[in-house]
Amino acid sequence: FKSGDLGQLDDEGYLSITGRKKELIVTADGKNVAPAVLEDRLRSHPLISQCMVVGDNKPFIAALITIDPDSIKPWAVANKKENASIAELAKDPTLIDVIQTAVDEANKAVSKAESIRKFAILAEDFTIAGGQLTAKLSVKRHVVATQYASTIEALYRKE
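Residues numbered from 1 in each chain as written. Predicted model: local features only at pLDDT ≥ 70, side-chain atom pairs only at ≥ 80, totals over all residues. Heavy atoms only, no water.

## Some details on helix α1 (residues 35–43)
Next up, step 1: Those residues of α1 lying buried are Pro-35, Ala-36, Leu-38, Glu-39 and Leu-42. Projection of α1 onto a plane perpendicular to its axis shows the buried side chains occupying an angular sector of 165 degrees, all on one side. (Buried < 20%, exposed > 50% of the residue type's maximum accessible area, 1.4 Å probe, protein only. Helix = DSSP H or I, 4+ residues; strand = E, 2+ residues; numbered from the N terminus. Arc of directions from axis to C-beta.)

## So, the pairing of strand β6 (residues 61–67)
Next up, step 1: Most of β6 sits inside the fold, with 7 of its 7 residues counted as buried.
Next up, step 2: Side-chain alternation along β6 places Ile-61, Ala-63, Ile-65 and Ile-67 on one buried face and Ala-62, Leu-64 and Thr-66 on a second face that is also buried.
Next up, step 3: Of the strand pairs in this sheet, strand β5 (residues 48–54) and β6 are connected by 5 bridges, and their pairing is antiparallel. Among the inter-strand pairings, Met-52 is bridged to a residue of β6, identified as Leu-64.
Next up, step 4: Hairpin connection of β5 to β6: 6 residues between the antiparallel strands, including Gly-55 at a positive phi of 150 degrees. (Pairing = 2+ DSSP bridges.)

## A few points about the layout of surface pockets
Next up, step 1: For the second largest pocket, the calculated volume is near 250 Å³.
Next up, step 2: Considering the residues around the second largest pocket, the lining is formed by 17 residues, among which Ile-25, Val-53, Val-54, Gly-55 and Asp-56 are closest to the centre.
Next up, step 3: For the lining of the second largest pocket, the secondary-structure elements that each account for two or more residues are β5, α5 (141–147) and α6 (149–156).
Next up, step 4: Within the lining of the second largest pocket, the residues separate by chemical class into 9 nonpolar, 2 polar and 6 charged. (1 Å grid on protein atoms, 1.4 Å probe; cavity = no way out; pocket = protein on both sides within 12 Å on 5 of 7 lines; lining within 4 Å. Points joined across faces, edges and corners; volume = space filled by probe spheres on them. Nonpolar A, V, L, I, M, F, W, Y, C, P; charged D, E, K, R; others polar.)

Purely geometric numbers; function is a separate question.
Spelled out as structure tokens, the structure:
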């Protein structure tokens, strides 16, 4: 039965859906990565609204992350940054550390080759009106990749 889903059978014979076949990322060294595992784990973090894993034909996996505009307000107040915009907070070392911890937790579900090595926090959320989300709130990968091409390329520049 060809559904287009990717799955994994565990030792007891139970099937777990791990992603969609058409949403596979193939890194430069040929490693196939199903981004859904990482994206779902990151989206479960209270400060993260959306996430898109990138890395097709690249040396490693990276991610674009958006901040939930409602959840960030109490965090900003608690961290004495209530007057900062999301664009300013995206560069804030305290928030970057919080998001890094979420990325580290998400990486525990995958192998080292499939793990997120770098990420960028975007200044604005993905929206239907902005064209980045479908009506069922799925990320339009090609649209986001085009709109944030320079940000994605910056993640892969040698430092």
